[in-house]
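# Per-entry structural report
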Amino acid sequence: GSAVPRASYDVVVSVGTFTPGHLDGTAVESVLRYIKVGGFFAVALRVAYYRDPASKMQSTLRDLEIGGRIRLFALSPELPYHLSEPDVKFQCWLYQVTAAEA
């Protein structure tokens, strides 16, 4: 197959990608490079995973915001992940890409 050009997509949605045993926050920048400036990155995460320093999600997203690469556009409330596990919560973050990769 052919390589996907950078800054090709208006929106990328991630559900079930950034989880223990899959990808951690260090992969976010790799996703962002395919989103056009002005485009959006929507990501659903378990709240505990987002807050876990080992996941690097919270720190990576914060650093990208501080660096001007993304801005938080919307954040859902914490919601039950599954009806059978009401104490496990998830949230959806919607970021807008505000600058091209360096």
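Predicted, not measured: the structure shown is a model, and the values here were computed from it.

The rules behind each value
Residues numbered from 1 in each chain as written. Predicted model: local features only at pLDDT ≥ 70, side-chain atom pairs only at ≥ 80, totals over all residues. Heavy atoms only, no water. Salt bridge = Lys/Arg side-chain N within 4 Å of Asp/Glu carboxyl O. Helix = DSSP H or I, 4+ residues; strand = E, 2+ residues; numbered from the N terminus. Contact = heavy atoms within 4.5 Å.

We now examine the pattern of salt bridges. A side chain of one charge can pair with a side chain of the opposite charge when the charged atoms of the two come close. Applying the stated criterion across every chain yields a total of 7 salt bridges. Taking the shortest distance from any N to any O, the salt bridge between Arg33 and Glu101 comes out at 3.4 Å. Highlighted residues: Arg33 in the loop between helix H1 (28-32) and strand E2 (35-46) and Glu101 in the segment after strand E5 (85-97), separated in sequence by 68 residues. For Glu78, the salt bridge is made with Arg51, and the minimal N-O distance between the two is 2.7 Å.

Quick look at the environment of Val37 now. One can find Val37 in strand E2. Distance in space between the C-alpha atoms of Val37 and Val47 is 27 Å, their sequence separation being 10 residues. Filtering out sequence-adjacent residues up to four positions away, Val37 remains in contact with Val97, Thr98, Ala99 and Ala100.

Note that Gln91 resides in strand E5. Apart from the residues within four sequence positions on either side, Gln91 is in contact with Val43, Ala44, Leu45, Val47, Leu75, Ser76, Pro77 and Glu78.

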